[in-house]
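Coordinate analysis (summary)
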Amino acid sequence: MPLICFASPSGGVGRTTLTANVARELSRAGARVIALDLDPQNALGAHFGLDLRDAFGFLATLRYAADPRAAWRAALRSSPSGVSFLPYGQLGMDGANANSASLIEQPEMLGTAVADMLSVSGVTVVADLPAGASPALAAILPHANIVIVPLLPHPASVAQLPAIEGGRFAGGGSQAVVKSRLEAGKLRVLMNQWGAPGKLAGIIAQGVSQQMAGRLFGAIRYDEVVPEAAAAQRLLGDFAPASPAAQDMAGLAAAIVAQINDTSRDRQPTPGQSQQLRNAYGLTSLAEIMPQTQSPVALKADR
Ligand SMILES: Nc1ncnc2c1ncn2[C@@H]1O[C@H](COP(=O)(O)OP(=O)(O)OP(=O)(O)O)[C@@H](O)[C@H]1O
Ligand SMILES: [Mg+2]
């Protein structure tokens, strides 16, 4: 069963928001979904209504576990959305460092737990990774069907492209594994907060699309309802189902499923087919983005 990862070289790009909301959409579509928080910030659970004083979680306690397969089962929570989730748990700085060291020494603890989750019939796992290179990403990459890297339409995103393309952000572990996963077309880039205020957005989209060519998956529109839903500890599809971002999340979930089905049949869609696929599922596509693009010259003349 599939493992979908949201990972990125830099922070604040929407990994946690996308993990929670895509998990909800997949659950609505009939999958048994586990949302897995692998980021010591422990922020994912809040989207599912987790009591913020609740300190217990899966990864924070994994290094003490006798059996990783029992550890995730003991930490699993249910939510009204139908998504089951595994909070990271709360750790101080020393605990987080010790946990990282333990993951580097024993990546198989997490790898075994994730493989066990995926062996349960009908289960899809959606994982929220920490920003940058992390031992957690290195440990689960061999099991991943798709790794989605959200980018913002900000200049800083362009600077991240070499790290994304070369797989350097995927960090330690076996470089051969990292390379093979990325070459297998499992790495996809997603423009998040498309249409956020600011003139540079179009130029960034153009730069990213040129550089990333076939890897660009589409876009999630900028929508003020996204932080509002998060503040209310609700998922977008429940909080504001008609909002642009909620529609895009549903489209993204459907496009991910279609992409996984294609690659599992060893059929890599051509860029043209991918575009049709995304359009069919309603995910805001690059074709919708590009007409808004301004050239740097036009931008200069506007000043
Ligand atoms: N499409 C969107 N439109 C508007 N705001 C958004 C959108 N996506 C995410 N946000 C907001 O951007 C902020 C960062 O999102 P989020 O916490 O999901 O990112 P992250 O990559 O998980 O960050 P971190 O590196 O801190 O873990 C949040 O306030 C979220 O509500
Ligand atoms: Mg996050």
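Look up: the structure comes first, before these words.
So, here's what we can say about the structure. All figures in this text were calculated on a predicted structure; none of them were measured in a lab.

Brief notes about the overall build of the chain
- When you go through the chain residue by residue, the secondary structure sums to 16 helices and eight strands.
- Evaluated residue by residue, the chain yields a buried proportion of 46% over its 303 residues.
- Within the chain, contacts between residues separated by at least 24 positions form 79% of all contacts whose residues are at least 6 apart in sequence.

Some details on the site of ligand 1
- Lining the immediate environment of ligand 1, one finds 19 residues, of which G11, R15, T16, T17 and P227 sit closest.
- Contributing elements (two or more residues each) for the shell around ligand 1: α1 (15–28), β7 (187–194) and α11 (225–231).
- The residue inventory of the shell around ligand 1, partitioned by class, reads eight nonpolar, eight polar and three charged.

Looking at unusual backbone geometry
- At N42, a residue that is not glycine, the phi angle is positive and equals roughly 60°.
- With 21 C-beta atoms counted inside 10 Å, the residue N42 sits in the buried group.
- One non-glycine residue, Q193, lies in the positive phi region at around 60°.
- Taking the C-beta count within 10 Å as the criterion, Q193 has 23 such neighbours and is therefore assigned buried.

Observations concerning the packing of helix α4 (residues 68–75) against helix α6 (residues 107–119)
- The contact between α4 and α6 brings their axes to 8 Å, and the two run at 65°. By crossing handedness, the relation of α4 to α6 is classed as right-handed. Two secondary-structure elements touch here, α4 through P68, R69, A71 and W72 and α6 through M109, T112, A113, D116 and M117.
- Residues of the contact of α4 with α6, tallied by class, amount to six nonpolar, one polar and two charged.

Looking at the sheet that holds β7
- Read from one edge to the other, the open sheet built from eight strands follows the order β3-β4-β2-β5-β1-β6-β7-β8, with strand pairing classed as mixed. Each edge of the open sheet is held by one strand with a lone partner, namely β3 (77–78) and β8 (216–221).
- Strand direction decides the pairing type here: strand β1 (residues 3–8) and strand β6 (residues 146–151), joined by three bridges, are parallel. Note that in β6 the partner of I4 across the bridge is I146.
- Strands β1, β2 (32–37), β5 (123–131) and β6 of the sheet are contacted by α1, whose axis makes an angle of about 175° with β5.
- Against the sheet, helix α10 (residues 201–212) engages β6, β7 and β8, with an angle of about 175° to β7.

Focus: the pairing of β1
- For β1, a buried count of six out of six residues is recorded, marking the element as mostly surrounded by other parts of the structure.
- Side chains L3, C5 and A7 project from β1 onto one buried face, and the interleaved I4, F6 and S8 project onto a second face that is buried too.

Some words on the packing of helix α8 (residues 155–165) against α10
- Remark: α8 packs on α10, axes separated minimally by 9 Å, with the N-to-C direction vectors making an angle of 10°. Comparing the axis directions of α8 and α10 gives the class roughly parallel. Where α8 approaches α10, its residues P155, S157, V158 and L161 are matched on the opposing element by I204, G207, V208, Q211 and M212.
- A breakdown of the residues in the contact of α8 with α10 according to their chemical character gives six nonpolar, three polar and no charged.

Some points on the nonpolar core
- Membership of the largest hydrophobic core comes to 83 residues, with the highest contact counts inside it found for C5, V22, A35, V126, A127 and I140.
- Looking at this core element by element, the count peaks at ten residues for helix α13 (residues 244–264).

Regarding the pairing of β7
- Here β7 lies mainly inside the structure; eight of its eight residues are buried.
- When β6 meets β7, the two strands line up parallel, connected through five bridges. Bridging from a neighbouring strand, L151 pairs with M191 of β7.
- With four bridges joining them, β7 and β8 adopt parallel strand pairing. If you follow W194 over to β8, its bridge partner there is R221.

Here we look at α6
- End to end, α6 covers 18 Å across 13 residues, agreeing with the expected 18 Å (1.5 Å per residue, within 8%).
- Considered for burial, the residues of α6 that qualify are P107, L110, A113, V114 and M117. Around the axis of α6, the buried residues are gathered within 140° of arc, so they sit on the same side. The outward face of α6, more than 90 degrees from its buried face, is lined by the exposed residues E108 and S119.

Section: the environment of I34
- Along the chain, I34 turns up in strand β2.
- Judged by the 26 C-beta atoms lying within 10 Å of it, I34 is buried.
- Sequence separation between I34 and S78 is 44 residues, and the spatial gap between their C-alpha atoms is 9.2 Å.
- Contacts of I34, omitting those with residues within four sequence positions, involve S84, F85, L86, M117, V123 and V125.

The rules behind each value
Residues take numbers from 1 onward in each chain, read along the sequence in its written order. To read the labels, note that chains go from A and ligands from 1, taken in the order they are written. Only residues with pLDDT of at least 70 are given local features in this predicted model, and only at 80 or more are side-chain atom pairs given and counted; all residues enter the totals for whole chains, interfaces and linings. Secondary structure elements are defined from DSSP: runs of H or I of at least 4 residues count as helices, runs of E of at least 2 residues count as strands, and each element is numbered from the N terminus. Exposure classes come from backbone-placed C-beta atoms, where a residue is buried if 20 or more other C-beta atoms lie within 10 Å of its own, exposed if 12 or fewer do, and partly exposed in between. Once C-beta atoms are placed from the backbone, any two residues with those atoms within 7 Å are in contact. Any residue whose backbone-placed C-beta atom lies within 6 Å of a molecule or strand is treated as near that molecule or strand. Polarity classes work like this: nonpolar for Ala, Val, Leu, Ile, Met, Phe, Trp, Tyr, Cys and Pro, charged for Asp, Glu, Lys and Arg, and polar for all others, with Gly in that last group. Axis definition: a line fitted to C-alpha atoms, over the contacting stretch in the case of helices. Angles run 0 to 180 degrees between N-to-C directions. Each crossing gets its hand from how the near helix is turned against the far one by less than a right angle, where anticlockwise is left-handed and clockwise is right-handed. Two strands form a pair only when DSSP identifies at least two bridges running between them. By the definition adopted for this analysis, an angle is roughly parallel if under 35 degrees, roughly antiparallel if over 145, roughly perpendicular if from 65 to 115, and oblique otherwise. For this entry, the nonpolar core is defined as buried Ala, Val, Leu, Ile, Met, Phe, Trp, Tyr and Cys residues connected by C-beta atoms within 7 Å. Take the residue count of a helix, subtract one, and multiply by 1.5 Å to get its expected span. What the arc covers is the set of directions going from the helix axis to the C-beta atoms.

By themselves, these are just geometric observations and shouldn't be taken as functional.
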